[in-house]
Amino acid sequence: MAYAQAQSQHPRFSVLSTASLGSIEHLSPAASATRFSLPSAPSINTALAGGKTGTRPNIYDRNLNKTRTTEVSASAFAFLFSEVVQYTQKRVSGIADLERRLNTLGYRVGTRVLELMVWRAEGTSKAPKREIRFLPALMSIHTQVWKSVFGKPADAIEKSVENSDEYMIIDNDPPITRHISVPRDMSQLSCSSFSAGIVEAVLDGLGFPARVTAHNTPNDQYPNRTTILIKLEQSVMDREEALKT
Amino acid sequence: MSHHLFLLSPSDTPLYELTHFSSRPVQNVSSPLASNLPSWSTSAFAGTLTALSGASSANQQYNPQGGSARIGGGKDRHVIQMVANASLDVIEDVMRKENLMYLKSVDKFNEWTVSAFVTPGNMKFVLLHEARNDEGIKSFFMDVWELYVKTMLNPFHTAHTPIRSAIFDARVRASAKKYL
């Protein structure tokens, strides 16, 4: 991953840095620095120089447990996620479309979260296991997935009373939407569709295909309360029924 | 003695395949020639070929040298792929009931034993082998799993991208040499 990033950033930043070098002749270095406002440019250049002389870093040399306990800055993530939402919003024709796209983006995250999370848990065990029953899988989403993605377990799991194939994961204050205030005319929108995508990917990977959506369900105590609604496909219900005996 | 590894995506697209010729002594050989002759035509597999002669001759017309660069003899390649593909049915049956990732010896076809490894994300690693080597194969699968996790963390990798990384290939080969 590190290599891919370096490669993807390289041409863009090198163009900028040569441009800024050219401008040094006319402008003071300070002016060019403010103009391009790239405080990290020197460090990227040194990293590239190091890469050229030594061996190129590759993703297979990296220890997967290296970032196990590290955390991402919440403000950096809020900023990135706000860009994600804005970028997506410019390219869609309605709230449903926007939610669907956020869901797709979350799905890409979820497939990786699942594989990495289980590898970290089971990678050293003698007989690594998969979840094959739905309820334990749902519990592991509620605790393990939420912990590895958001740093805390979700607040509740509920089973729908009306429909036996519907389950809900409830988060009283989802970290990813903590800094988002949705305009009144878009009150239907829940940016937690991104989390819904993650849940959908995890369920899909484990073999429980489902349609997962996010809904705002505020109450007096928690104005940001969000419900992730899981609607399982019939095949999953049939299989659970068959495994019960 | 040879091993054939296939990595299959959740939708059963082959993403990577490897043939490994092991130099280890074979424990239970049906034909001793098979261990030291890379040419398939003289190995015990010829029996299978005869059984499947209809398919093989048809395929040879289209692709007389298919895959010969990577495989000892190109003409048996499709039979091996077929055995691996056929075992998917059994693997999918077993993985619904068993909660283990490593499914040892799920299927047998003539001298081939099929072992599989199912990752939590529903990727399937299928290995065709001749001799029993449960612990070695498990360690091999665990190595491949780690390499696969690293591959899929790459944002440019999707579930259907064939894995073409030379480093991935080299690592899998090194692990195969170590354990198989």
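Calculation criteria
Residues numbered from 1 in each chain as written. Chains lettered and ligands numbered in written order. Predicted model: local features only at pLDDT ≥ 70, side-chain atom pairs only at ≥ 80, totals over all residues. Heavy atoms only, no water. Contact = heavy atoms within 4.5 Å. Buried area = accessible area lost by both parts, 1.4 Å probe. Salt bridge = Lys/Arg side-chain N within 4 Å of Asp/Glu carboxyl O. Polar contact = N/O pair within 3.5 Å; in protein donor to acceptor, adjacent residues only side chain to side chain. Helix = DSSP H or I, 4+ residues; strand = E, 2+ residues; numbered from the N terminus. Buried < 20%, exposed > 50% of the residue type's maximum accessible area, 1.4 Å probe, protein only. Pairing = 2+ DSSP bridges. Axes fitted to C-alpha atoms, helices over the stretch in contact; angles between N-to-C directions. pLDDT = per-residue confidence, 0-100. Core = buried A, V, L, I, M, F, W, Y, C linked by side-chain atoms within 4.5 Å. Expected span 1.5 Å × (residues − 1).

K.L.:
If you had to explain the interface of chain B and chain A to someone new, which residues and values would you point to?
P.N.:
Every contact between the two is made by 32 residues of chain B and, on the other side, 29 residues of chain A. Both faces combined, the contact of chain B with chain A buries some 3000 Å², and carbon together with sulfur accounts for 63% of it. Taken as a group, Pro120, Lys150 and Leu153 of chain B account for 21% of the area that chain B buries against chain A, more than any other trio of residues on that side. At the surface where chain B touches chain A, the tally comes to one salt bridge. Measuring nitrogen to oxygen at the nearest pair gives 2.3 Å for the salt bridge that ties aspartate 61 of chain A to arginine 171 of chain B. The tally of links between chain B and chain A comes to 17 residue pairs in polar contact (both at pLDDT 80 or more). Elements supplying a minimum of two residues to the side of chain B that touches chain A: helix H4 (77-97), strand S4 (112-118), helix H5 (134-153) and helix H6 (166-179) of chain B.

K.L.:
Pulling in residues and values, what's your account of the pattern of salt bridges?
P.N.:
Residue and element names in this part refer to chain A. For the structure on display, the rule yields 16 salt bridges over all chains. Residues lysine 152 and aspartate 171 are paired through a salt bridge, measuring 2.8 Å at the closest nitrogen-oxygen approach. You can see lysine 152 sitting in the loop between helix H6 (134-150) and strand S1 (156-159) and its partner aspartate 171 sitting in strand S2 (residues 166-171), a full 19 residues away along the chain. Residue aspartate 171 is classed as buried on the basis of its relative accessible area, which comes to 3%. Ionic pairing is found between glutamate 241 and lysine 244, a salt bridge with its closest N-O pair at 3.6 Å. Taken together, the residues glutamate 241 and lysine 244, both in helix H8 (residues 234-244) and three residues apart, mark about one turn of the helix. Judged by its relative accessible area of 49%, glutamate 241 falls in the partly exposed class. Within the structure, one salt-bridge network assembled from shared partners comprises Lys152, Asp155 and Asp171.

K.L.:
Run through the sheet that holds strand S1 (residues 2-8) of chain B, naming residues and quoting values.
P.N.:
Residues and elements named next belong to chain B. Taking strand neighbours across the sheet as the criterion, the five strands line up as S2-S1-S5-S4-S3 in an open arrangement whose pairing is antiparallel. Looking at strand neighbours, the two that pair on one side only are strand S2 (14-21) and strand S3 (102-109), the edges of this open sheet. Taking the axes of each pair of neighbouring strands and ignoring which way they run, one obtains an average angle of 20° across the sheet. Bridging between S4 and strand S5 (residues 124-129) involves six bridges; their strand directions are antiparallel. From the neighbouring strand, alanine 116 faces S5, where its bridge partner is valine 126. Where H4 meets the sheet, its contacts fall on S1, S2, S3, S4 and S5, and the angle it forms with S5 comes to roughly 125°. Here H5 sits on the sheet in contact with S1, S3, S4 and S5, set at roughly 145° to S5.

K.L.:
Summarise the sheet that holds strand S4 (residues 226-232) of chain A; cite the residues concerned and give the values.
P.N.:
Residue and element names in this part refer to chain A. An order of S1-S2-S4-S3 is seen for the four strands of this open sheet, with the pairing classed as antiparallel. The sheet is open, and its two borders are formed by S1 and strand S3 (210-216), each paired with just one other strand. Sheet twist, expressed as the average angle between the axes of neighbouring strands with direction ignored, equals 20°. In this sheet, S4 lies alongside S2 in antiparallel orientation, the contact comprising six bridges.

K.L.:
So what's going on with the confidence of the model for chain B? Residues and values would help.
P.N.:
Residue and element names in this part refer to chain B. Scored by pLDDT, chain B comes out at a mean of 77, with 71% of its residues at no less than 70. In this model, residues 28-43 is a region of pLDDT below 50 whose contacts with residues beyond four sequence positions or in other chains number 25 contacts. Every residue in residues 53-73 is under pLDDT 50, and counting partners more than four places away or in other chains gives 21 contacts.

K.L.:
Please set out the pairing of S2 of chain B residue by residue, giving values where relevant.
P.N.:
Every other side chain in a regular strand lies on the same face of the sheet, so the side chains alternate between the two faces. Pairing of S1 of chain B with S2 of chain B involves seven bridges; the strand directions are antiparallel. Among the inter-strand pairings, leucine 8 of chain B is bridged to a residue of S2 of chain B, identified as proline 14 of chain B.

K.L.:
Report on the nonpolar core, specifying residues and quantitative values.
P.N.:
Counting residues in hydrophobic clusters, the biggest one holds 70 residues, and the most contacted among them are Ile230 of chain A together with Leu5 and Phe125 of chain B. Among the elements that take part in this core, H5 of chain B stands out by supplying eleven residues, more than any other. Core analysis: the second largest hydrophobic core is formed by 17 residues, Phe6, Val79, Ile80 and Leu128 of chain B among them.

K.L.:
So, H5 of chain B: which residues are in play, and what are the values?
P.N.:
Across its 20 residues, H5 of chain B extends 28 Å between first and last C-alpha, which sits within 8% of the 28 Å expected from 1.5 Å per residue. Of all 20 residues that make up H5 of chain B, 16 are buried, and the element is covered over most of its length.

K.L.:
Residue-level account of the environment of leucine 138 of chain A, with values.
P.N.:
Residues and elements named next belong to chain A. On the secondary structure map, leucine 138 appears in helix H6. In the structure, leucine 138 is positioned 65 residues away from leucine 203 in sequence and 8.2 Å away in space, judged by C-alpha atoms. Ignoring any residue separated from it by four or fewer positions in sequence, one finds leucine 138 in contact with Ile157, Tyr167, Ile169 and Ile230.

K.L.:
Before we move on, can you summarise the side chain of threonine 119 of chain B with the specific residues and values?
P.N.:
As for its placement among the helices and strands, threonine 119 of chain B is situated in the loop between S4 and S5. The exposure class assigned to threonine 119 of chain B is buried, which follows from its relative accessible area of 0%. Within the structure, threonine 119 of chain B has its side chain in polar contact with the side chain of glutamate 115 of chain A (distance 3.0 Å). If we ignore the near neighbours within four places in the chain, the residues touching threonine 119 of chain B are Glu115 and Arg130 of chain A together with Phe125 and Trp145 of chain B.

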